[in-house]
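Observations on the model geometry
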Amino acid sequence: MSNDEIFAAAYREHYWAVSRYVARRLDGRTSEVEEVVAEVFTVAWRRRSDLPASPLPWLYGVARNCLSNAVRGYGRRRRLLDRLGHDETAHGRQIVDSPDSEPPGAWVHDALARLSPVDQEVLRLTTWEELGIDEVAVALGCGSRAAAMRLHRARRRLRAEVDRMRTTVAAGTETPRRDTPKEQRHG
Amino acid sequence: MADELELLRRANPVPSGAPHFGDGPLDQNAERRLDQLLHSEDRGQSPHSENPGRSVPSRRLTGRRPGRTSLSRLLQGRRPGRRTRLVWALATAAVVAVTALALLVAGPNTTPAVAAPRPLVVRADATPVSLDRLAERAAQAAADGSPGLRKGTHVQSWSMGMSQDKPPVTLAEERIVRWKADDSHTELVVATDPRHPGRPILSDEDGDPRLVDDGHVISKQTFPPSWSDAPPESPPPHDATRLRAYLQEAQYSDTPLTTPQLLDAVGVLLDHWTLGAREHAALARLLADTEGLRPVGRVTDRLDRRGQAYVYDGSGARRMLIMDPVTGAVLGLESTATADEPEWGLKAGDVMEYSAWMR
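Residue numbers run consecutively from 1 along every chain, following the written order of its sequence. Starting at A for chains and at 1 for ligands, labels are handed out in the order in which the entities are written. Local features in a predicted model are, by the rule used here, given only for residues with pLDDT of at least 70; side-chain atom pairs are given and counted only at 80 or more, and totals for whole chains, interfaces and linings are based on all residues.

Let's talk about the overall build of chain A
Helices and strands together make up the secondary structure of chain A, namely seven helices and zero strands. Once C-beta atoms are placed from the backbone, each residue is buried if 20 or more other C-beta atoms lie within 10 Å of its own, exposed if 12 or fewer, and partly exposed for counts between those two. Burial analysis of chain A (187 residues in total) assigns 49% to the buried set. By the convention adopted here, residues make contact when the C-beta atoms placed from their backbones lie within 7 Å. Of the contacts formed within chain A by residues at least 6 apart in sequence, a portion of 66% connects residues at least 24 apart. Here a helix means four or more residues in a row that DSSP labels H or I, a strand means two or more in a row labelled E, and each is numbered from the N terminus.

Comments concerning the confidence of the model for chain B
All names here are of chain B. Confidence scores per residue from the predictor, reported as pLDDT, run from 0 to 100. Counting all residues, the mean pLDDT for chain B is 77, and 76% of those residues have values of 70 or more. When the elements of chain B are averaged for pLDDT, helix H3 (residues 70–75) gives the smallest value, 30, and helix H8 (residues 277–288) the largest, 97. The model gives residues 43–115 a pLDDT under 50, and that stretch makes 161 contacts with residues more than four places away or in other chains. Across the predicted assembly, pTM comes out at 0.53 and ipTM at 0.77.

Points about helix H6 (residues 133–140) of chain A
Within an α-helix, residues lying three or four positions from one another point in the same direction, as the helix has 3.6 residues per turn. Burial of H6(A) is extensive: six of the eight residues sit out of reach of the surface. Within H6(A), burial applies to Glu135(A), Val136(A), Ala137(A), Val138(A), Ala139(A) and Leu140(A).

Let's talk about helix H5 (residues 117–127) of chain A
The element H5(A) is extensively covered by neighbouring structure, given that ten of its eleven residues are classed as buried. Among all positions in H5(A), only Pro117(A), Asp119(A), Gln120(A), Glu121(A), Val122(A), Leu123(A), Arg124(A), Leu125(A), Thr126(A) and Thr127(A) are buried.

Thoughts on the nonpolar core
Ranked by size, the top nonpolar core spans 117 residues in total, and within it Val22(A), Val40(A), Ala63(A) and Leu321(B) carry the most contacts. Residues from two domains meet in this core; each of domain 1 (1–92) and domain 2 (93–187) of chain A gives at least three. Val22(A) has contacts with Val33(A), Val36(A), Val37(A), Ala63(A) and Leu67(A), leaving out every residue within four places of it along the chain. Throughout this description, the term nonpolar core refers to a group of buried Ala, Val, Leu, Ile, Met, Phe, Trp, Tyr and Cys residues whose C-beta atoms join them within 7 Å. The domain limits used here are those given by an automatic or database domain assignment.

Things to note about unusual backbone geometry
Here Ser146(B) and Pro147(B) are connected by a cis peptide whose omega angle stands at 0°. Mapping Pro147(B) onto the fold places it in the loop between helix H5 (131–141) and strand E1 (150–161). In this structure, the amide linkage connecting Pro231(B) to the following residue, Pro232(B), adopts the cis form with an omega of 0°. Phi at Glu130(A) is positive, roughly 55°, even though this residue is not glycine.

A closer look at the interface of chain B and chain A
On the chain A side, the residues contacting the 53 residues of chain B number 59 residues. Going through the elements one at a time, helix H1 (4–10), helix H2 (28–38), E1 and helix H7 (259–270) of chain B are the ones with two or more residues in the side of chain B that touches chain A. Gly is put with the polar residues, along with every residue not named as nonpolar or charged; the nonpolar set is Ala, Val, Leu, Ile, Met, Phe, Trp, Tyr, Cys and Pro, and the charged set is Asp, Glu, Lys and Arg. Partitioning the side of chain B that touches chain A into residue classes produces 20 nonpolar, 21 polar and twelve charged.

Notes on the pairing of strand E10 (residues 317–323) of chain B
Residue and element names in this part refer to chain B. Across the seven residues of E10, five count as buried, placing the element largely inside the fold. Hairpin connection of strand E9 (residues 306–313) to E10: three residues between the antiparallel strands, including Gly316 at a positive phi of 80°. Where E10 lies against strand E11 (residues 330–337), seven bridges are found, and the strand directions are antiparallel. Looking at the pairing, Ala317 lines up with Ala337 of E11. Between any two strands, pairing holds if DSSP finds at least two bridges. The turn linking E10 back onto E11 is made up of six residues, and Gly328 within it adopts a positive phi angle of 75°.

Things to note about the environment of Ala141(B)
Residues and elements named next belong to chain B. Examined against the element boundaries, Ala141 turns out to sit in helix H5. Classification of Ala141 as partly exposed rests on a count of 19 C-beta atoms within 10 Å. C-alpha of Ala141 to C-alpha of Thr327: the two residues are 186 residues apart in sequence and 5.7 Å apart in space. If we skip the residues at most four places from it in the chain, Ala141 touches Ala277, Val326, Thr327 and Gly328.

Comments concerning the pairing of strand E8 (residues 294–300) of chain B
Residues and elements named next belong to chain B. Both E8 and E9 contribute to a ladder of six bridges, which runs antiparallel. Residue Arg294 lies in a different strand from E9, and its bridge partner there is Val311. What sits between E8 and E9 in their antiparallel hairpin is a turn of five residues, with Asp304 showing a positive phi close to 65°.

Printed below as a string of structure tokens:
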């Protein structure tokens with residue numbers, strides 16, 4: 001098959017997986033998913049000669065970098081809106097008073113959000129994209145041992161955050177409290 | 001109770017079967033975009049990069065100094081300064097060489113560990129210099145504004161690679177990034193360990209550690225002109241308050257960085273920029289105003305430079321900043337395990353990562 005045919009096959013096979021990857025990191029801003037995914041495949045098209053035999057982790061790596069640009073742009077726009085103070089989107093996620101209104105797993109997201117972007121990404125790739133260490137390494141552009149080390153560290157840090165939140169619960173709140181409205185970030 | 005990975009798995013906001021993004025045929029827009037790509041005029045290829053989709057390197061660097069030869073010359077940069085190496089015991093060097101060799105010839109079940117570098121030794125008898133005092137010195141040293149800020153980096157690093165079924169290994173690399181006037185840049189990464197000049201060295205560029213010659217080029221890439229106004233690509237400011245905000249943005253954080261996050265951000269900064277005197281002074285002031293860093297004394301780093309050491313004790317790991325006692329420049333950052341973790345073959349005292357930055 002030519003590079004173009006290989007690319008087209010990868011596009012058809014992985015379009016939705018890449019869309020899910022992006023959607024998971026845009027924190028509900030689903031309207032932007034399609035735009036970012038289009039950018040991912042445009043970059044992948046330019047680099048189609050580099051497309052590996054198992055392209056999905058590589059495509060995640062491309063998506064990660066595209067998201068980096070998208071999130072930066074979003075951050076700037078939001079800060080501008082914050083200053084203007086006229087748009088609801090400027091306020092981001094709000095503190096939720098009632099635990100019942102929390103979406104499922106919200107407190108786990110909060111624990112995750114307290115970690116560094118690199119820690120967050122290695123954990124998300126492992127659990128949400130269900131990648132093995134070798135695939136995580138491809139997505140992150142590092143060696144597999146380095147990826148294993150990052151995962152090891154990130155797990156330890158997430159465990160510490162989870163334990164800390166549980167401690168808060170045990171101390172009297174009904175559910176781990178979200179005290180830092182925060183945009184979910186890519187790695 | 002489920003472990004942390006299971007908790008996170010359950011909190012997947014967009015599961016595989018999610019209504020909008022479930023697997024299946026492409027929708028109309030996706031088909032149209034594919035068709036546009038396949039019939040676009042763009043048949044060219046972008047320059048090759050190891051990091052997919054990235055126009056600038058993001059990987060932490062480690063590298064080796066060109067030593068004796070070619071690295072700087074290849075990049076037409078200046079040679080790194082005097083660098084006698086910290087000579088670790090010859091016995092250790094022999095162990096590294098022998099065990100590394102064994103790594104190549106033995107099966108996975110008999111693979112011995114390659115000795116991890118030992119942590120830097122702090123001169124406990126020295127009177128520690130406070131970070132506040134060091135920041136004052138740095139401000140004085142920056143009075144004439146020289147040397148200046150320069151984009152690009154030169155860093156030697158040692159990093160431990162781990163896996164759950166093999167012993168950890170330590171990989172030593174030197175990386176030089178040079179930017180040119182037209183905003184293009186070159187990155188050179190070689191495998192080298194200044195502690196063991198001329199000896200074969202472990203590299204894992206293809207995923208599995210193997211011995212390569214000292215100075216083996218892991219990658220050499222030239223990137224086309226690129227520009228960004230966002231940290232860490234944009235120039236760092238030279239006052240502490242703005243530098244703190246800069247580092248926060250470089251880490252994509254909406255909230256003030258914790259001390260360990262700040263130390264990570266310092267590594268990112270120094271992997272992109274060779275700071276000038278004013279930026280060094282700003283960074284020293286920022287660190288002086290950061291909680292949890294305590295002075296512990298004098299050290300001599302792995303490039304045989306004298307420095308003052310400042311330690312942050314975190315969960316499972318200890319971070320140590322090594323700073324120039326006169327200019328306040330950050331010379332290095334060491335991360336050491338503080339507890340055994342048999343699952344990963346990690347022992348308390350193992351150096352997990354060490355970076356030494358040079359001009």
